[in-house]
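Listed below are the residues making up each chain.
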Amino acid sequence: MKRLAHQIEALVEKDESLLRLSREMDRIRRAAAAELHTVCRDFVNSLNRLMSKTELLLDPEQFTEANFQDDGLNLIQISVRGRILQVAYSATPELLSTEDFRIPYTLAGSVRAFNQDLLNKDLIEEQLVFYTVEGDRKMWRFFDPRTYRSAAFDQEYLVSVMEQLI
């Protein structure tokens, strides 16, 4: 009886630990979604300050925690004159995964870039994105499965993708 009682109490501790981890990952995912939107918004704002004849549009314009869909697809779109860059991402089924990328991640998706010429040729540029979690180091990364190139998802990356569309 004592052994069973001890096992049940250990189970309670394990369940509480999993619940704390789940809450922490939910907080991390929401912060990561806000971070991704901020990178995109800063990119759009920086370019728009330098242009006088046109402007990039960001959809959604603002991010709120209500925008984040933990159990569905999240989408950010940047567009200018028929050129579209889309970032689609969602939470992994598990709290952390290494199924599609060697570094553990909690959010995964893709970046698609296209214009009418690419659509006419049935070509849409696509790269993968992951919100990686390595101990205390957390960051958005892109991964190109054709070249195996991977680096930070930042304004420099967005510039390189958008330049391909122009």
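My aim in this report is to walk through the structure given alongside it, one point at a time.

Procedures and definitions
Along each chain, residue indices are assigned from 1 in the same order as the chain's sequence is written. Local features in this predicted model are restricted to residues of pLDDT 70 or higher, and side-chain atom pairs are both shown and tallied only at a pLDDT of 80 or more, whereas totals for entire chains, interfaces and linings draw on every residue. Hydrogens and waters are ignored; side-chain quantities use all the structure's heavy atoms. Under the scheme used here, helices are H or I runs from DSSP no shorter than 4 residues and strands are E runs no shorter than 2 residues, and both carry numbers assigned from the N terminus. Here a residue-residue contact requires only that any non-hydrogen atoms of the pair lie within 4.5 Å. With a 1 Å grid laid over protein atoms only, a set of points is called a cavity when a 1.4 Å probe fits there but cannot get out and a pocket when it is open yet has protein on both sides within 12 Å along at least five of seven lines; lining residues have an atom within 4 Å of a point. Grid points are joined across faces, edges and corners, and a volume is the space filled by probe spheres set on the points. What we call a nonpolar core is a set of buried Ala, Val, Leu, Ile, Met, Phe, Trp, Tyr and Cys residues that are connected through their side-chain atoms within 4.5 Å. A 1.4 Å probe rolled over the protein chains alone gives each residue an accessible area, and that area as a share of the maximum for its type sets the label: buried under 20%, exposed over 50%, partly exposed in between. Note on ring pairs: Phe, Tyr and Trp rings are taken, using the six-membered ring of Trp, and paired if centres are within 6.5 Å. Classes follow the plane angle, with under 30 degrees stacked, over 60 edge-to-face and the rest tilted. For patch detection, residues must exceed 30% relative accessible area and be free of salt bridges, and they are connected within 9 Å for like charges or within 5 Å for nonpolar side chains (Val, Leu, Ile, Met, Phe, Trp, Tyr). In this description, accessible areas are obtained by the Shrake-Rupley approach with a 1.4 Å probe, and a residue is regarded as covered only by the protein chains that are shown. When a carboxyl oxygen of Asp or Glu is within 4 Å of a side-chain nitrogen of Lys or Arg, the pair counts as a salt bridge. Pairing between strands requires that DSSP locate at least two bridges from one strand to the other.

1. Side note on the side chain of Ser79
With respect to the secondary-structure elements, Ser79 resides in strand S2 (residues 74-80). In this view, Ser79 contacts Glu55, Leu56, Leu57 and Ile84; residues no more than four positions away in its chain are not counted.

2. Focus on empty space enclosed by the protein
Evaluation of the coordinates by the stated rule reveals 1 cavity of 30 Å³ or more. Approximately 60 Å³ is the volume attributed to the largest cavity. Taken together, Val111, Arg112, Ala113, Glu125, Glu126, Gln127, Tyr157, Val161 and Gln164 form the lining of the largest cavity. Broken down by secondary-structure element, the contributors of at least two residues to the lining of the largest cavity are strand S4 (105-114), strand S5 (125-134) and helix H3 (155-165).

3. Topic: the nonpolar core
Grouped together as the largest cluster of nonpolar side chains are 33 residues, with contacts concentrated most on Ile78, Val87, Tyr89, Trp140 and Phe153. Put simply, the parts of the chain that give this core at least two residues each are helix H1 (2-50), S2, strand S3 (83-91), S4, S5, strand S6 (137-144) and H3. Looking at this core, the element that brings in the most residues is H1, giving 9 residues. Counting residues in hydrophobic clusters, the runner-up holds 6 residues, among them Phe101, Ile103, Phe130 and Phe143.

4. A short note on the packing of aromatic side chains
Under the definition given, this model contains 8 aromatic pairs. Centre to centre, the rings of Tyr89 and Trp140 are 5.6 Å apart; their planes meet at 75°, and the pair counts as edge-to-face. Of the two residues, Tyr89 sits in strand S3 while Trp140 sits in strand S6, which places them 51 residues apart along the sequence. Seen in terms of ring centroids, Phe153 and Tyr157 are 5.2 Å apart; in terms of plane orientation they differ by 50°. Their pairing is tilted. The same class applies to Phe153 and to Tyr157, which are both buried. Within the aromatic cluster, the residues linked to one another by ring pairs are Phe101, Tyr105, Phe130, Phe143 and Tyr148.

5. Some points on a nonpolar patch on the surface
On the surface, Leu4, Ile8 and Val12 cluster together into a nonpolar patch covering about 260 Å² of accessible area. One can find Leu4 in helix H1.

6. What about the pairing of S3?
Burial analysis of S3 places 7 of its 9 residues in the buried class, which makes it a mostly covered element. Taken together, the 7 bridges between S2 and S3 define a ladder with antiparallel strand orientation. Bridging across to S3, Ile78 finds its partner in Leu85. The pairing of S3 with S4 spans 8 bridges and is classified as antiparallel. Residue pairing in the sheet places Val87 in a bridge with Val111 of S4.

7. Details of unusual backbone geometry
Put simply, Asp59 and Pro60 share a cis peptide bond, and its omega is 0°. Structurally, the position occupied by Pro60 is in the loop between strand S1 (57-59) and S2. The backbone of Arg81 sits at a positive phi, close to 45°, despite the residue not being glycine. Of note, Arg81 is situated in the loop between S2 and S3. Judged by its relative accessible area of 65%, Arg81 is exposed. The backbone phi angle of Tyr148 is positive, close to 65°, even though this residue is not glycine. Looking at the element boundaries, Tyr148 is found in the loop between S6 and strand S7 (149-152).

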